[in-house]
Structures are given as structure tokens and as C-alpha cells.
Amino acid sequence: MRRASEHTENTPLVGLRFVGDDRNDDTHQHQTTRTERAIERRRSALWALFMSGACVTAICVLKFANHGPLFTSSEYEEAAEIESVLERLGRGRSKKANKSPYERVQTLSFQIYTGGAPAFIADESTGEEKRNPECEGFELHSYGLPEDSEEYQCYLGLEDTTEDVRHRLAIMRDAVNRAYDKSDQDKSTLKIFLAPEFFFRGSDGAFSFVLEEEKEAEGECSDICHILKGLEDIAADERFENWLFLFGTVIASEALPVEDTFDFQFYNFAPMYKGFDPAKVSIKNKKAGKNFIVPKRYVSNIDFMTPMRDLTNRTLVMELLDEKDRTLDRTLMNPHASGQHRYDNDVWMRYKDELSGLGYTMIEYGWFYLDGISFAVEICLDHLQRRALMTHTADLVTGQNTLVPSSANDSIEWIGLPKRQAQLQLISSAGMDVEVSSMALADGGHVFLQDGAEGHVPPSTTYGEDECKPNEYEFHGGSQSIKRTAVISATDVTFNYEMNYDFKDYNLYTERGRRHWKDALRGVFSSAMYPPRLTVYDPVPITDNGGE
């Protein structure tokens, strides 16, 4: 008898081995012979199959040889041209995203109050209520009442809209420079600068497209033109090659050709940019694959205030406007209060080609790829309405034909949505928290949110405290960073959530000294709420799930 460790035997199944046992030599020799015969029969069968295939191929070649080539040269050229056009239009076969050069992501969130200024504040010395002087400057009347609120507010902004834009851009640039000083310098870390909703809005509630046309007719750069060019200049810096900027949102309006003085179309969109080194990019490719427009779809009840002229409390109207000509009330109508629950985004579709010509790519469905990373991006109420998640689900049940932009190597191509959802999800908001039921994340993916209403609130999480959601997590805080992982077992399927508390806060401006934060914000942002600051998170790994 032989010990088991002394004998092994190869089998016809590659990679498997039998361990010797107590079989005698005769039995072992007999089984070896049977195995060799089986191998020989298999070889003969494979050889016969190969020869049959070769014969069929030879007959086909001889048959078509007398009829010329299967395709003519012109047919080949036509097919190549069609393929080229399809590739340019992004309507060719679905592709996979490129491999990303980034291994980690760091979020740098800009906390600044972007809501309306309170019409009344407490006197610091007496504690009595008084009118907020922020709402009385610049000969403007922009009072209104947010829906579902009894606290009157006013929009802030400068009478000179060009100067207003310059002021807001200067604050944004200060925040970006401060973020750079506190950022991780590793090139394998993607830095994401995230600002809140409503950062750019005029003193009447929006920047007007009517003024846009007037200025463009005179050969001037309009207000929205100044905003976009100013943000482009910020991103075009060698320091920001490995940065993605979501610069909050721009509120814009367009007067309609009707008798009603206050009838408008409304737009709310986020300008988004990939940073780059201008010295490494040709003039032709300066904007290619770097500039994006993210339109908001749903109008929230807090997006606009109901103007004083539409309020029934005439006593308060007279109290707030008693010293001025009430005809100066130029506050825009509240579209949500008038029954309009979607923004007028048809204009983006009409001007999509023009946007492309200007170097901007529109994020139509809230999905895109950047340097091989899959993203979902939403603005405030769009997140609550599950825009990204609904798009992904609808695409799945309709055959996965939806194509979204993929930016890499100074170019844009159009590819299918990621099968495993987003590696990273971005939310710019003013009055919104991350919702469990709205996440569209791959396993191990992260969602990042920056809010403009309660930006100063520390992040926290609760479970089961909402009676309507007894078995769900809830997240709170002005800046939020959450990781979601899937858990599947024989008895349960669930998700785990991990809120990131590894961050540091930095004041944007000093409390005293050369430039006080209230002086820096004066005229365009209210200082009655909280000072602006940055929340800088420690880098976290980017999940390798979802990038396809």
C-alpha cells in the first residue's frame, strides 16, 4: 500500500488531480488504460470537427471568388462614414468609460447662506424687533413671503447688476483659493468644490434674460455672460487640474411678450467645470469636455418668494414700503404659487447646439462621466423627486438606450448609463437633506451635499425617528458626506450607511482685521444668519463598482 501523499495522477480535466488511494497496481493499470483510450477518442472527435469546418470554409471562399469581393470599396467607405457620424453624434454602440486616473475623492464644501434676508431682525442693544437695514439699501423693493412661512424676507443684490456679478464672483474666488490652500495635493485625489443653490440671483429674484439681449445687441458681455466667463477663469488654472467645480446655481428669468408686466419664464441651472492648466491645452480644446450646464427640473416652494403686491396683508405692505414709491416693487412673481412646478427647460433643448458651440455640454438626465468616474448630479428638489434614480430605472426598463456625456482627454463622447449606478453623487441645495430613497449609488459609492439654507448645521444622522419612515435613516447638516454599501444574505437584503465625520471647518473671512466677513458679504448676501466657511473632508476611496 502507498501513502496518500506519495501518489498523484493527472486527469483529462485540466487543473484537477486525483489523490492516490489503496487501489492495487493491476486495478490502477487497468484504469489508466481506460483513461488513455478516452483521451484518444476525444482527440479523434475534435480533429474530425476541425476538418469539417475547414472544408466548409474553403467551399464558401471558392463560391464567392467568382462574384468579386463581398463589399465594394465604395460600400466600405460608406459604412466607415456612417460609423464616423454615429460616433460624433454619440449614437453609436454603447461604450464603457475610460479607466480613471483618480483613486480617491476629497470634497471641499462652501457654506454660505443664500436665502432671502429677514425683513425684521432683533436690535442688538434693546432686543426689540426692527427692520433689517440690509433690505432697505440701493433704492430697491424686493420684499416677499416664502411659501409655508410667516417670516417676510427680501432678495439682496446691487442696483448695478454688473457690479453685483463681480461681487459674487469675488466671494466665490476667495472660497476657491481658500479651498486650494486646505486641499490634498496628491494628483490621484479628485478634488470636488461644492457650492449651494441660489448663489447667483439678482435683487429682483433672478438675473433677467431681457437685459442679456440688450447688452449683447450693444456688443457687451451680459450678466450671465459675466458669470460664466468669470467661473471659466477660476477653473482655468494650473492649480486645479485635478478639480471639479459645482458653483451653486444661477437663477434667471425671461420676460414673455404679454400684457402682464410680471409674466416670466424661469430657469435655475448649475454651472459645472473641470479645472485644467491653460498651458497644456490648445485654444481649440480650451473648453472641450470641461464646461457643463446642469438644469434644475422641479420648482420648489422655497425657490421664490411671493411678492408684496400679491399678499393680502396690506398693513404690513404699507409698513415695509411706506417710505418709498410702491411702484418700485419689481420682485418677480412666484411661479410655484401660480401652479408652475417645473422650470422652463425647453429653452435648453432649443439652444443645445448653440451651447455646444460655446463649449458647454448640457447634463440632460442628471448623469455624466468624468475621467472614467460615473456621476449623478441633482439640484435640491430634483433629489427629493429622485430624478437621477428614476432616470436610471426608466433606462433599465426601456432597454438601456439612454446616452450621457463622458468627458476625458479634452473631448466628449456619449455612452450608456452605468449599470451599477453612480460612484459619486453630487447635490447642490437650499433646504434639502440627503434622502435614503433618492440615492443612486453603486456599492461603496459616496453622496455629497452642500446646502445654502442651513449650511452652519453640524452633520448628524438618526434612525426611525420619523413616524412616516420608521425603518429608515435620516441625515441632517449643511454639509453631508455619506457612503452606502449593499448587504445581501440568505435572510435579508439591505443597505448600510456611513456618515463621514472626518472633516475640518475653516472660516472664509476673519472675525476682525482687514476684511470682516460682514463687509465682504454686504449688498449681495445676508449677514444676519451665519458667517461663510469651508468644510474640508478627508479624502475617501472611490469605489471601483459602477464605472461601467
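All of these numbers come straight from a predicted model, not from anything done at the bench. (Residues numbered from 1 in each chain as written. Predicted model: local features only at pLDDT ≥ 70, side-chain atom pairs only at ≥ 80, totals over all residues. Heavy atoms only, no water.)

Counted according to the given criterion, the structure contains 14 salt bridges. Note that Arg-168 is salt-bridged to Asp-164, the shortest N-O span being 2.6 Å. Here Arg-168 pairs with Asp-164, and both are found in helix α3 (residues 161-181), just 4 residues apart, close to one helical turn. Each member of the pair, Arg-168 as well as Asp-164, carries the same accessibility label: buried. Salt-bridge contacts for Asp-371 lead to Lys-274; the nearest nitrogen and oxygen are separated by 3.9 Å. Here Lys-274 lies in strand β13 (residues 264-274) and Asp-371 lies in the loop between β17 (367-370) and β18 (373-379), a separation of 97 residues in the sequence. For Asp-371, a relative accessible area of 15% translates into the label buried. A network of salt bridges, in which partner residues are shared, links Arg-104, Asp-184 and Asp-186. (Salt bridge = Lys/Arg side-chain N within 4 Å of Asp/Glu carboxyl O. Helix = DSSP H or I, 4+ residues; strand = E, 2+ residues; numbered from the N terminus. Buried < 20%, exposed > 50% of the residue type's maximum accessible area, 1.4 Å probe, protein only.)

What follows covers the environment of Val-176. Tracing the chain through its elements places Val-176 in helix α3. In this structure the C-alpha to C-alpha distance between Val-176 and Leu-108, which are 68 residues apart in sequence, comes to 9.0 Å. Look past the residues within four positions of Val-176 in its chain and what remains in contact with it is Phe-193, Ile-234, Phe-240, Phe-245 and Phe-247. (Contact = heavy atoms within 4.5 Å.)

Further remarks concern the side chain of Ser-481. Mapped onto the elements of the fold, Ser-481 is located in strand β25 (residues 479-488). When near neighbours in sequence (up to four residues on either side) are disregarded, Ser-481 contacts Val-447, Phe-448, Glu-498, Met-499, Asn-500 and Tyr-537.

The next thing to look at is the pairing of strand β7 (residues 143-146). Residues Tyr-143 and Leu-145 line one face of β7 and the alternating positions Gly-144 and Pro-146 line the opposite face, and both faces are buried. Where β7 folds back on strand β8 (residues 153-154), the antiparallel hairpin that results is connected by 6 residues, among which Asp-148 adopts a positive phi of roughly 55 degrees. For β7 and strand β15 (residues 305-307), the ladder comprises 3 bridges, and the chain directions are antiparallel. Paired with Gly-144 across the two strands is Pro-307, which belongs to β15. (Pairing = 2+ DSSP bridges.)

The next point concerns the packing of aromatic side chains. With the rule as written, the count across this model stands at 21 aromatic pairs. Here Phe-199 and Phe-525 contribute two aromatic rings whose centre-to-centre distance is 4.9 Å and whose plane-to-plane angle is 45 degrees, an arrangement assigned as tilted. Here Phe-199, found in the loop between β9 (189-195) and β10 (207-208), pairs with Phe-525, found in the loop between α11 (517-521) and β28 (533-537); they are 326 residues apart in sequence, far enough to count as distant. Judged by its relative accessible area of 4%, Phe-525 is buried. Pairing Tyr-273 with Tyr-360 gives two aromatic rings, centres 5.9 Å apart and planes at 80 degrees, and the pair type is edge-to-face. In this pair, Tyr-273 sits in strand β13 while Tyr-360 sits in strand β16 (residues 360-362), placing the two residues 87 residues apart along the sequence. Pair check on accessibility: Tyr-273 and Tyr-360 agree, each one buried. Aromatic rings pair up to connect Phe-110, Tyr-180, Phe-193, Phe-199, Phe-200, Phe-240, Trp-243, Phe-245, Phe-247, Tyr-273, Tyr-360 and Phe-525 into one cluster. Across from the ring centre of Phe-495, 4.1 Å away, lies the NZ or CZ of Arg-484, which sits over that ring. (Phe/Tyr/Trp six-rings, centres within 6.5 Å; stacked < 30°, edge-to-face > 60°. Lys NZ or Arg CZ within 6 Å of the ring centre and 35° of its normal.)

What the rule picks out here adds up to 2 disulfides. Taking only the cysteines that form disulfides and numbering them from first to last, the chain has the pattern 1-2, 3-4. (Disulfide = S-S within 2.5 Å.)

Our next topic: the sheet that holds β7. Strand order in this open sheet of 4 strands is β4-β8-β7-β15, and the pairing throughout is antiparallel. Only two strands of the sheet have a single neighbouring strand rather than two, namely β4 (117-118) and β15. Two strands pair when backbone bridges link them, and β4 and β8 are joined in this way by 2 bridges, in the antiparallel orientation. Of the residues in β8, the one forming a bridge with Ala-117 is Cys-154.

Within the element layout of this structure, Ser-142 appears in the loop between β6 (129-131) and β7. On the basis of relative accessible area, Ser-142 is assigned to the buried category, the value being 2%.

Once that is clear, we can look at α3. Compared with the 30 Å implied by 1.5 Å per residue over 21 residues, the 31 Å span of α3 between its first and last C-alpha is a close match. Restricting attention to buried positions, one finds in α3 the residues Thr-162, Asp-164, Val-165, His-167, Arg-168, Leu-169, Ile-171, Met-172, Ala-175, Val-176 and Ala-179. Where α3 begins, one side-chain oxygen reaches toward the backbone nitrogen of Thr-162, 3.1 Å away; that side chain belongs to Asp-160. (Expected span 1.5 Å × (residues − 1). Polar contact = N/O pair within 3.5 Å; in protein donor to acceptor, adjacent residues only side chain to side chain.)

Any link to function would need more than the numbers given here.
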